[in-house]
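Structure assessment
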Number of protein chains: 2
Amino acid sequence: MFKGTKMNVGVVGAGSFGTAISQIIALNVEEVILYSRRKKIAEDINKNSVNNEYYPNYKLNNKIRAVNSLKDLKECEVIFITVPSSGFRKTLEEMKNEGINDSILVTASKGIEPISSATMGQIIQEYYNDKYVVVSGPNFASEVVLNLPTVTNIASNSKNNLNIVKKILETEFFKVEEIDDVIGLEYCGILKNINAVANGICEGIQINENGRYAILTKGFNENKKIVESIGGKPSTIDEYCGFGDIILTSISKQSRNHTLGVLIGQKLEINKGHGVVFEGKNSVKTIKEICDKKCLDCKIVNFVYDVLVNKEVAKTAFKNLWKNITMK
Amino acid sequence: MFKGTKMNVGVVGAGSFGTAISQIIALNVEEVILYSRRKKIAEDINKNSVNNEYYPNYKLNNKIRAVNSLKDLKECEVIFITVPSSGFRKTLEEMKNEGINDSILVTASKGIEPISSATMGQIIQEYYNDKYVVVSGPNFASEVVLNLPTVTNIASNSKNNLNIVKKILETEFFKVEEIDDVIGLEYCGILKNINAVANGICEGIQINENGRYAILTKGFNENKKIVESIGGKPSTIDEYCGFGDIILTSISKQSRNHTLGVLIGQKLEINKGHGVVFEGKNSVKTIKEICDKKCLDCKIVNFVYDVLVNKEVAKTAFKNLWKNITMK
């Protein structure tokens with residue numbers, strides 16, 4: 001007999017993370033309704049329990065039921081949103097239009113909206129309220145889907161919602177730690193990509209390890225300044241979502257933003273992957289604006305901005321950065 | 001004409017770091033007197049400007065003069081000590097016996113003495129005074145010797161000595177940042193090795209990246225607790241000597257303590273390298289004692305202790321650790 005939580009849980013987005021988190025949730029609840037924008041993916045999941053696009057050859061839990069319409073999530077008590085940040089607002093509009101009103105919303109999407117500088121949570125607040133839950137941590141989807149050891153952080157203004165989401169997510173191997181800083185947690189997921197691009201660029205121009213890890217240290221500490229300036233807690237940067245995710249994203253060969261940096265350092269420019277999103281490239285402009293507005297001199301943000309936006313030669317940008325690296 | 005500081009500087013220990021730092025210092029002063037315990041190394045350096053043991057084929061600065069007797073450092077205004085921690089006290093005794101009395105002492109040696117729990121700086125204090133300078137950072141000697149981009153931290157109770165050492169060390173690429181926490185800086189150099197062994201063990205038993213970087217996050221935060229408990233500042237762990245050196249030592253393939261962990265995880269035990277010292281193995285016992293005395297529950301210290309000292313099977317130790325990973 002099933003011993004998990006009797007609860008309808010929905011997941012929006014059948015990409016790598018949406019599918020992975022559905023797999024975790026399926027260990028704890030009776031049914032996971034996974035929304036895929038693409039009909040073919042939904043059909044595959046329902047027929048063969050496989051997401052051929054993201055995890056071919058991997059059998060998904062048969063408690064995952066795929067749907068192709070957001071309307072089908074209407075009865076869900078909790079809905080996880082995992083779409084790329086660029087499509088986040090549009091997804092929320094659609095959810096609203098389809099009559100989704102009373103669900104607890106959880107964002108696993110990370111990013112910052114250009115012009116508005118809104119985090120994904122702040123966009124939820126525009127359409128719903130401030131009781132959403134944020135999930136963020138050093139969580140490669142390819143490992144989450146296998147239920148391999150992982151810690152994630154969650155935060156919310158609603159203690160009740162936090163407890164419910166924790167219950168839905170936690171397994172023996174997938175550990176969930178609550179933190180008390182919603183905005184800080186969201187910023188961790190944004191800033192780490194800038195650190196990852198910075199480290200990638202340095203690797204691309206073959207900076208030695210002492211130098212690269214000095215740059216990473218600088219970025220880590222600048223993240224604290226940035227988070228503090230927007231009302232978060234600097235100590236959040238020490239948590240799994242901060243320290244852990246910065247290292248994972250900056251160092252692992254699995255990390256896209258790290259790879260982006262390496263390629264740019266090697267003077268190989270890529271504009272678009274096949275459906276792949278480089279959050280670092282998107283967010284550095286907005287973060288740079290925030291730093292300028294708050295009069296924060298953040299050398300790592302400037303470095304990435306100079307290379308990605310101003311198209312400065314990476315080696316020249318590094319020289320400028322190094323000149324002032326120990327200046328506070 | 002030479003524009004550097006007119007000063008006699010000595011370095012004790014012609015190992016990889018002693019030789020590397022001599023090379024940096026030689027860029028700033030007129031003469032570096034490098035003491036080697038082994039006559040052959042000293043002769044090689046004086047005859048061919050090469051340290052064949054550590055940097056064969058690499059031409060050292062000819063301002064480096066090697067000596068084979070500590071007596072020859074008597075006139076040095078500043079002396080850097082770079083010997084392994086296990087020989088540190090004996091070296092100080094010899095220095096004292098040879099009549100070295102008025103030099104500013106700098107320790108680049110890292111470690112903690114068994115039984116006494118004394119840091120290298122605290123041992124200096126027993127023989128001299130508390131005005132010593134500590135140097136520590138993410139500083140692979142193999143990169144320092146080439147004057148590649150590197151940041152190091154220094155700390156001292158004497159502002160005057162700090163300024164002198166900074167002047168002697170800083171170059172365009174070798175950057176020096178002062179911090180205001182002598183004991184915290186020393187502990188960074190000790191604790192990072194425990195983190196490195198922990199990460200190595202996890203790699204050896206093939207723990208996935210989400211899991212490994214969660215462990216590293218836990219260790220990072222436990223270092224803060226430990227440093228605070230012995231009177232240092234937790235924020236020191238955020239600095240180059242903390243964050244930067246933890247990452248470097250835990251992740252780089254160049255790191256011995258990381259390698260030690262990997263081998264143990266793979267059930268390959270090594271007891272001795274060829275003159276190679278595993279500081280992590282030496283210090284975990286002493287750090288564990290300190291944690292117990294201070295009633296600190298440090299799960300990463302316990303994990304490394306269980307595997308290295310209690311000879312627990314690494315996979316079993318990991319399972320125990322993971323069970324409680326999110327407990328504060």
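Quick caveat, the model's predicted, so the values are computed rather than measured.

The rules behind each value
Residues numbered from 1 in each chain as written. Chains lettered and ligands numbered in written order. Predicted model: local features only at pLDDT ≥ 70, side-chain atom pairs only at ≥ 80, totals over all residues. Heavy atoms only, no water. Helix = DSSP H or I, 4+ residues; strand = E, 2+ residues; numbered from the N terminus. Rg over C-alpha atoms; globule rule 2.2 N^0.38 Å. Buried < 20%, exposed > 50% of the residue type's maximum accessible area, 1.4 Å probe, protein only. Contact = heavy atoms within 4.5 Å. Areas by Shrake-Rupley, 256 points an atom, 1.4 Å probe, with all protein chains shown as cover. Lys, Arg positive; Asp, Glu negative; His and termini not counted. Charge placed at Lys NZ, Arg CZ, Asp CG, Glu CD. Core = buried A, V, L, I, M, F, W, Y, C linked by side-chain atoms within 4.5 Å. UniProt positions renumbered as here; feature names shortened; annotations may be inferred. Salt bridge = Lys/Arg side-chain N within 4 Å of Asp/Glu carboxyl O. Polar contact = N/O pair within 3.5 Å; in protein donor to acceptor, adjacent residues only side chain to side chain. Domains from an automatic or database assignment. Buried area = accessible area lost by both parts, 1.4 Å probe. Nonpolar A, V, L, I, M, F, W, Y, C, P; charged D, E, K, R; others polar. Least-squares fit on C-alpha atoms with pLDDT ≥ 70 in both.

Thoughts on the overall build of chain A
Regarding its fold elements, chain A presents 13 helices and eight strands. Against the compact-globule benchmark of 20 Å for 328 residues, chain A has a radius of gyration of 20 Å, which places it among compact chains. Overall size of chain A, expressed as C-alpha extent along the three principal axes, is 65 × 40 × 35 Å. For chain A, with 328 residues in total, the buried portion stands at 61%. Counting only contacts in chain A whose residues sit at least 6 apart along the sequence, the fraction spanning at least 24 positions is 70%. Accessible surface for chain A amounts to roughly 13400 Å². Of this, 49% is attributable to carbon and sulfur atoms. Here chain A carries 42 positive and 37 negative side-chain charges, and the mean point of each set is 4 Å from the other.

Structural notes on the nonpolar core
Among the nonpolar cores identified, the biggest contains 156 residues, and Ile287 of chain A together with Ile287 of chain B are the most heavily contacted of them. Contact partners of Ile287 of chain A, with chain neighbours within four places excluded, come to Ile112, Tyr187, Ile190, Leu191, Ile194, Ile226 and Val301 of chain A. Listed in part, the 38 residues of the second largest apolar core include Val11, Ala26, Ala141 and Ile168 of chain B.

A few points about the UniProt feature "domain: Glycerol-3-phosphate dehydrogenase NAD-dependent N-terminal" (unreviewed entry) in chain A
Taking the numbering used here, the UniProt-annotated feature "domain: Glycerol-3-phosphate dehydrogenase NAD-dependent N-terminal" (unreviewed entry) corresponds to residues 9-160 of chain A. Across residues 9-160 of chain A one finds 29% helix and 22% strand; the C-alpha atoms that close the span lie 16 Å apart.

Side note on the side chain of Lys175 of chain B
Along the chain, Lys175 of chain B turns up in strand β8 (residues 174-178). We note that Lys175 of chain B is buried and unpaired, the nearest opposite charge coming from Glu170 of chain B at a distance of 5.5 Å. One polar contact links the side chain of Lys175 of chain B to the main-chain carbonyl oxygen of Lys323 of chain A, over a distance of 3.2 Å. Sequence-distant contacts of Lys175 of chain B, defined by excluding residues within four places in its chain, comprise Trp322, Lys323, Ile325 and Thr326 of chain A together with Thr150, Val151, Thr152 and Glu170 of chain B.

Examining the domain arrangement of chain A
Residues and elements named next belong to chain A. Looking at chain A, the domain boundaries give domain 1 (5-178) and domain 2 (183-323). A C-alpha centroid distance of 26 Å is found between domain 1 and domain 2. Of the residues lining the interface, 27 residues belong to domain 1; the matching set on domain 2 comes to 22 residues. For the pair domain 1 and domain 2, the summed buried surface comes to about 1900 Å²; carbon and sulfur atoms form 62% of the total. On the domain 1 side of the contact with domain 2, Ile112, Pro138 and Phe140 bury the most area, a combined 32% of that side's loss. Inspection of the domain 1/domain 2 interface yields one salt bridge. Note that Asp245 and Lys110 form a salt bridge whose closest N and O atoms lie 3.4 Å from each other. Where domain 1 touches domain 2, the interface holds eight residue pairs in polar contact (both at pLDDT 80 or more). Listed by contribution, the elements that provide at least two residues to the side of domain 1 that touches domain 2 are α4 (120-127), β6 (133-136), α5 (141-144) and β7 (150-156). Ranked by the residues each element gives to the side of domain 1 that touches domain 2, the list is headed by β7, at four residues. Of the residues that constitute the side of domain 1 that touches domain 2, the class distribution is 11 nonpolar, 12 polar and four charged.

What about the relation of the copies chain A and chain B?
Screw-axis analysis of chain A against chain B gives a translation of 0.0 Å along the axis, an RMSD of 0.0 Å, and a rotation angle of 180°. The superposition operator between the copies reduces to a two-fold rotation axis. Ranked by how close their C-alpha atoms come to the rotation axis, the residues of chain A are headed by Ile247 of chain A, at 4.0 Å. Of the interface residues in chain A, 100% have counterparts in chain B that sit at the interface too, so the contact is made through matching surfaces.

Points about the UniProt feature "binding site: substrate" (unreviewed entry) in chain A
All names here are of chain A. When the UniProt feature table is mapped onto this chain, "binding site: substrate" (unreviewed entry) is found at Lys110, Arg256 and Asn257. A stretch of 148 residues holds the annotated residues, and the largest C-alpha distance among them is 14.1 Å, short enough that they meet in one place. Turning to its location among the elements, Arg256 is positioned in helix α10 (residues 256-265). The class for Arg256 is partly exposed, based on a relative accessible area of 43%. Position of Asn257 among the secondary structure elements: in helix α10.

Comments concerning the pattern of salt bridges
Tallied over the entire structure, the rule returns 36 salt bridges over all chains. Between Glu53 of chain A and Arg38 of chain A there is a salt bridge, with its nearest N and O atoms 3.7 Å apart. In this pair, Glu53 of chain A sits in the loop between α2 (39-48) and β3 (64-67) while Arg38 of chain A sits in the loop between β2 (29-35) and α2, placing the two residues 15 residues apart along the sequence. For Glu53 of chain A, a relative accessible area of 46% corresponds to the partly exposed category. Note that Asp238 of chain B and Lys224 of chain A form a salt bridge whose closest N and O atoms lie 2.7 Å from each other. Of this pair, Asp238 of chain B sits in the loop between α8 (209-229) and α9 (240-251) while Lys224 of chain A sits in helix α8 (residues 209-229), on two different chains. The exposure class assigned to Asp238 of chain B is buried, which follows from its relative accessible area of 7%. Salt bridges here are not isolated pairs; linked through shared partners, they connect Lys224 and Asp238 of chain A together with Lys224 and Asp238 of chain B.

Looking at the interface of chain A and chain B
Chain A puts 41 residues into the contact, and the matching count from chain B is 41 residues. Together chain A and chain B conceal approximately 3600 Å² of surface at their shared face, both sides included; 58% is due to carbon and sulfur atoms. Of all residues in chain A, Asn210, Phe243 and Trp322 of chain A bury the most surface against chain B, accounting for 19% of the area lost on that side. The tally of links between chain A and chain B comes to two salt bridges. Scanning the region where chain A abuts chain B turns up 30 residue pairs in polar contact (both at pLDDT 80 or more). Sorting the residues of the side of chain A that touches chain B by element identifies α5, β7, β8 (174-178), α8, α9 (240-251) and α13 (314-323) of chain A as the ones contributing at least two each. The biggest single contributor to the side of chain A that touches chain B is α8 of chain A, with 11 residues. In terms of residue class, the side of chain A that touches chain B is built from 19 nonpolar, 11 polar and 11 charged.

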